[in-house]
Amino acid sequence: MNMLKIQSFVVILLSLLLMTACGPSREELTSQAINEVMNEFQAVGISAAVVKNGKIVYNESFGYKDLEAKTPLTNEDVMRIASISKSFTATSLLQLVDKGILSLDDDVSDLIGFKIRNPHHPDIPITLKMVLSHTASIRDKEDYFTLDHLNPAIYGDCVESYFEYKPGEGYNYSNMGLNLAGTILEKVSGVRFDDYVRENVIHKLGLYGGHNIDSLDANKFALLYNFRDGAYVESKGAYKSRSEEMPSYVFGYSSPIFSPTGGVKISAHDLAIYMMMHMNYGEYNGIRIISEESSKIMQTPVWMIQNKGEEQYALCLKEFVDFMDDEKYNQPGHYPIGHTGGAYGLNSIMIWSPADGWGIVAMTNGYTSVKGKSFLENLTNAIYHACIKE
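Residues numbered from 1 in each chain as written. Predicted model: local features only at pLDDT ≥ 70, side-chain atom pairs only at ≥ 80, totals over all residues. Heavy atoms only, no water.

Draft legend 1. Expanded view of the sheet that holds strand β15 (residues 358-364). Judged by pairing direction, the sheet is antiparallel, and its eight strands sit side by side in the order β3-β2-β1-β15-β14-β13-β12-β11 without closing on themselves. Each edge of the open sheet carries a strand with a single partner, namely β3 (71-72) and β11 (312-313). As judged from the eight bridges shared by strand β1 (residues 45-52) and strand β2 (residues 55-66), these two strands associate in the antiparallel manner. When the sheet's bridge partners are listed, I46 is paired in β2 with F62. (Pairing = 2+ DSSP bridges. Helix = DSSP H or I, 4+ residues; strand = E, 2+ residues; numbered from the N terminus.)

Spelled out as structure tokens, the structure:
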């Protein structure tokens, strides 16, 4: 073999080795995995961010923010994240706990200014900790954007707003309870609910977002869609302005209109930074939001699963039991932590592993159901295997 042929052979061999070594990157594999889930569930759009070792290592968006106009969804766009918002309310209240202004063991009656009692057990105080852990025995009513259903001055004994079990001895997820918690934040802090969370949590972390539609740029909103009768229908109420209600706003009572239970609008990127604050037990980039002690309390389950349909729930955060398809994370002491959200067609998740330092944020503004499958479980596990698992 002459020298020219040898050189050509070496070039070809090196090229083949280089091609083998430079297969699809983690980023490419993650995008491919998300696209596969997106196609299976016919999602309108998906935004995702992945955290490893204290950094955002992946952030991409797919599909549309406006289906009719075919406007692409971008990383800068925001979505209403639904119940992940509850953790923002709890985080804000724990700031007041850190300052000694209130206690998790306080009777919420004393904090809100009228009697909050389960009429089946009128002598048992309902505490702030019970409310934040959904163990207060408060039952959701059809309209939980008002506290009227808990107010004896309006609904008497309010018997229909409570379950029969003793407060603290049962678990039922309660949106009304978290709107009560948000109102307590407003009444005790002396700052309107939406302003408090924006200034003391969201802006303090350098993030863009909030509860109040009128304080945000509507051009950034990713429209939300429900799938009905074979077609996507825009959920008009997802980004409803409360401006018409503000003239009659009663401080310390009307805060449910901002939805402390589900009203935060934020991007996947910024939600990932907020998540990192909790992963770091209350601190991000040198900025402390809550104490390490309070952060650990938020992440420690108050209610352990006892019956089907219950969750291993802490203070507006939960442990994900039997959620990951990696058995490592389905053992006590290894469950991931976080929260999910679902409303107006949106599905969202914020989930992280305290032990291994990874976290995933993902959200869709519309998807179709697939029999026997969970959208969030499929999406989260697809991202985990593509971007995180070694």
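Here the narrative resumes, following the displayed structure.
Draft legend 2. Spotlight on the pattern of salt bridges. Under the criterion given, the structure shown has 17 salt bridges. Between K141 and E160 there is a salt bridge, with the nearest N and O atoms lying 3.2 Å from each other. Here E160 lies in the loop between α6 (152-155) and α7 (175-189) and K141 lies in the loop between α5 (128-132) and α6, a separation of 19 residues in the sequence. For E160, a relative accessible area of 56% translates into the label exposed. The shortest N-O distance in the salt bridge between D356 and K328 comes to 2.8 Å. (Salt bridge = Lys/Arg side-chain N within 4 Å of Asp/Glu carboxyl O. Buried < 20%, exposed > 50% of the residue type's maximum accessible area, 1.4 Å probe, protein only.)

Draft legend 3. Spatial organisation of the sheet that holds strand β8 (residues 265-266). Read across the sheet, three strands follow the order β4-β8-β5 without closing on themselves; strand pairing throughout is antiparallel. Only two strands of the sheet have a single neighbouring strand rather than two, namely β4 (79-80) and β5 (209-210).

Draft legend 4. View of the environment of I305. Along the chain, I305 turns up in the loop between α10 (292-298) and β11. Sequence separation of I305 and V321 is 16 residues, and the distance between their C-alpha atoms is 9.3 Å. Ignoring any residue separated from it by four or fewer positions in sequence, one finds I305 in contact with E310, E311, Q312 and V321. (Contact = heavy atoms within 4.5 Å.)

Draft legend 5. Summary view of the layout of surface pockets. As a volume, the largest pocket reaches approximately 200 Å³. Taken together, 14 residues make up the lining of the largest pocket; nearest its centre are E311, K318, F320, F323 and E377. Looking at the lining of the largest pocket, the elements that each hand over two or more residues are β12 (318-319) and α11 (375-388). The residue makeup of the lining of the largest pocket, split by class, is five nonpolar, three polar and six charged. Together, 14 residues line the second largest pocket, and Y144, N175, T261, G342 and A343 are the ones closest to its centre. Residue composition of the lining of the second largest pocket, by class: six nonpolar, six polar and two charged. (1 Å grid on protein atoms, 1.4 Å probe; cavity = no way out; pocket = protein on both sides within 12 Å on 5 of 7 lines; lining within 4 Å. Points joined across faces, edges and corners; volume = space filled by probe spheres on them. Nonpolar A, V, L, I, M, F, W, Y, C, P; charged D, E, K, R; others polar.)

Draft legend 6. Up close: the pairing of strand β7 (residues 231-234). The sheet contact formed by strand β6 (residues 225-228) and β7 spans four bridges and is antiparallel. Note on β7: the bridge partner recorded for N226 is V233. Counted between consecutive antiparallel strands, the loop separating β6 from β7 contains two residues, among which D229 sits at a positive phi close to 50 degrees.

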